[in-house]
Amino acid sequence: MILNYSQPLELDGVSKALDTSLSALPDFWRILIECVLVGVVILTTYAVIALILIYAERKITAFFQARYGPNRVGKWGLLQSVADTIKILLKEIIRINNVDRFLFFAAPFFMVCASVMTFGAIAFGKGLLAVDFNIGVLYVTAVSSLGIIGVLLAGWSSNNKYSMIGAMRSGAQFVSYELSAGFALMTIVVLTGTMQFSEMIEKQQYCWNIFNGHISSMIAFVIYIISGHAETNRGPFDLPEAESELTAGYHTEYSGIQFGFYYLAEYLNMFIIAGIATTVFLGGYMPIQVHGWEGFNQVMNYIPSYVWFFSKTGVLIFLSLWVRWSFPRLRIDQLLALEWKYLLPINLVNIVVMVILVLTGLTLTDLFPSLF
């Protein structure tokens, strides 16, 4: 039996079948129905992944700390995240005096909307993406930056000095590390010659970008992982939420579902950072392929593309959790010094090196075109 990349296990035919079934409707209604369905799928996937990540972090953290983690609600504690979700939905939203009510209530939506819009641009598998922008890298960089507005508004509108200090710290941290994350992505844009995620993935069929650009790509990958981890405000970069100094940081005054929005966005941002790193550096949903090994390639192709994507992303998420529970929290001066004194200068030099590699044809695909 000859296997090819279009296996029955793939889900890319679902959208085509849906479009065919709605073809009898006028264009306006067909597009409207498809957009609504896509939105529902994205939001559902968003929530489900958040529940999985919350459970996974608790269990992995327990493993690092030699304890059990959730083990009461459901088999192996699998329903603990669901129980916590129901609890937070039922929690009372505490009324806070002397706040800017409009901005106070609007701030969490900026955080969640920025996260969802970025989430929707990720290709989870072959044909499994909402919109394939030809400027996908630029779109993701721009939209993800909107999240800082929700943080700053939360800190300022709360009328709480601890929240304000946390928001200022987060703003300085986010803006600083956004530069390194953007330059790291631009380094790979120079290598691939495209900002479109689908094209970037297809070009990594036989050689992932992390290897194609030699040491320059590897440096960009490491810098992006560090910068992305810092952007999510997770340890050891969790200065905005330093409990011993600022209680809960910029969302100290939030309760109930409002706090839940920030909690949800934090975990999904971790997934988004890992998903973009997988797409740009690790071949996205592409399976491992070796030029000339047709039998091996056919076996790898039999594994659905979304399995490849979530497996690679899961490894990066595990790495993120490993770092969080292995290193102590940095001081704010150390955190900013790491970015402005080390990561950003290295990044600027690295992108120039990548330009030289591409112009001189020293990438692996240029040196060995018969293999790639």
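Residues numbered from 1 in each chain as written. Predicted model: local features only at pLDDT ≥ 70, side-chain atom pairs only at ≥ 80, totals over all residues. Heavy atoms only, no water.

Colleague: Just checking my understanding: could you explain the side chain of Thr279 for this structure?
Modeller: Positionally, Thr279 belongs in helix H12 (residues 256–281). Exposure remark for Thr279: the relative accessible area of 2% places this residue in the buried category. In this view, Thr279 contacts Ile122, Phe197, Ile201, Gln204, Gly284 and Phe309; residues no more than four positions away in its chain are not counted. (Helix = DSSP H or I, 4+ residues; strand = E, 2+ residues; numbered from the N terminus. Buried < 20%, exposed > 50% of the residue type's maximum accessible area, 1.4 Å probe, protein only. Contact = heavy atoms within 4.5 Å.)

Colleague: What is the right way to look at empty space enclosed by the protein in this model?
Modeller: Unoccupied space between atoms shows up once a probe the size of one water molecule is rolled over them. Scanning all chains against the criterion turns up one cavity of 30 Å³ or more. In this structure, the largest cavity occupies an estimated 30 Å³ of space. For the largest cavity, the full set of lining residues is Ala121, Leu129, Val131, Asp132, Phe133, Gly136 and Phe197. (1 Å grid on protein atoms, 1.4 Å probe; cavity = no way out; pocket = protein on both sides within 12 Å on 5 of 7 lines; lining within 4 Å. Points joined across faces, edges and corners; volume = space filled by probe spheres on them.)

Colleague: Looking at this structure, I do not really get unusual backbone geometry. What am I missing?
Modeller: The phi dihedral of Trp76 falls on the positive side, at around 55 degrees, and the residue is not glycine. Backbone geometry places Asn159, a non-glycine residue, at a positive phi of 60 degrees. Secondary-structure assignment places Asn159 in the loop between helix H6 (147–157) and helix H7 (161–192).

Colleague: Even after reading the chapter, I still don't get the packing of H7 against helix H15 (residues 332–360), so can you show me in this structure?
Modeller: Helix packing geometry: the angle between the two helix axes and the distance between the axes. The contact between H7 and H15 brings their axes to 9 Å, and the two run at 15 degrees. Relative to H15, H7 is oriented roughly parallel. Crossing of H7 against H15: the hand is left-handed. A class-by-class count of the residues in the contact of H7 with H15 yields 20 nonpolar, six polar and two charged. (Axes fitted to C-alpha atoms, helices over the stretch in contact; angles between N-to-C directions. Parallel < 35°, antiparallel > 145°, perpendicular 65-115°, else oblique. Left-handed = near helix turned anticlockwise from the far one by under 90°. Nonpolar A, V, L, I, M, F, W, Y, C, P; charged D, E, K, R; others polar.)

Any functional reading would require information beyond the geometric quantities listed.
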